[in-house]
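# Tertiary structure, described
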Amino acid sequence: MSLPAIFFGMILATIYGSTYHLLRGGGLGRLIFDLLLAWTGFWLGQFLAELLGFHIFRVGQINLAAASIISLLFLIAGNWLRLPGGNDRKP
């Protein structure tokens, strides 16, 4: 994979994570958590799409459909698995 493709994928995953954070809210720790989930899901989706030969809505070397779907699923699962209130709970 070329460096521009990696850069493009990181930008997309960052947009996904920061948009999700903007919609869900939270502090700096939550933003970092959402970004890590988005990056992990995006690259796992990219890897799985390449491994399985899934080539729907491909932009250059990035399998945008698979990477975006898995990234969104990671963000939703991370939100669901997080403890209720988490670090945002006030005493």
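Quick note: structure is the one above.
What counts and what doesn't
Residues numbered from 1 in each chain as written. Predicted model: local features only at pLDDT ≥ 70, side-chain atom pairs only at ≥ 80, totals over all residues. Heavy atoms only, no water. Core = buried A, V, L, I, M, F, W, Y, C linked by side-chain atoms within 4.5 Å. Buried < 20%, exposed > 50% of the residue type's maximum accessible area, 1.4 Å probe, protein only. Helix = DSSP H or I, 4+ residues; strand = E, 2+ residues; numbered from the N terminus. Contact = heavy atoms within 4.5 Å. Expected span 1.5 Å × (residues − 1). Arc of directions from axis to C-beta.

### Overview of the nonpolar core
- Ranked by size, the top nonpolar core spans seven residues in total: Ala5, Leu12, Ala13, Phe42, Ile62, Leu64 and Ala67.
- When contributions to this core are tallied by element, the ones reaching two or more residues are helix H1 (3-24) and helix H3 (64-81).
- Among the elements that line this core, the one with the most residues is H1, at three residues.
- Not counting residues up to four positions away in its chain, the partners in contact with Ile62 are Met1, Ala5, Phe8, Gly9, Phe42, Trp43, Gln46 and Phe57.

### A closer look at H1
- Across its 22 residues, H1 extends 31 Å between first and last C-alpha, which sits within 8% of the 32 Å expected from 1.5 Å per residue.
- Ala5, Gly9, Leu12, Ala13, Gly17, Tyr20 and His21 are the residues of H1 that are buried. All buried residues of H1 fall inside an arc of 170 degrees around its axis, so they share one side. Turned more than 90 degrees away from the buried face of H1 sit Leu3, Pro4, Phe7 and Leu22, all of them exposed.
- Turning to H1, the residues buried within the fold contact helix H2 (28-52), strand E2 (62-63) and H3.
- Where H1 terminates, the next one or two residues include Gly25, which has phi positive at roughly 85 degrees.

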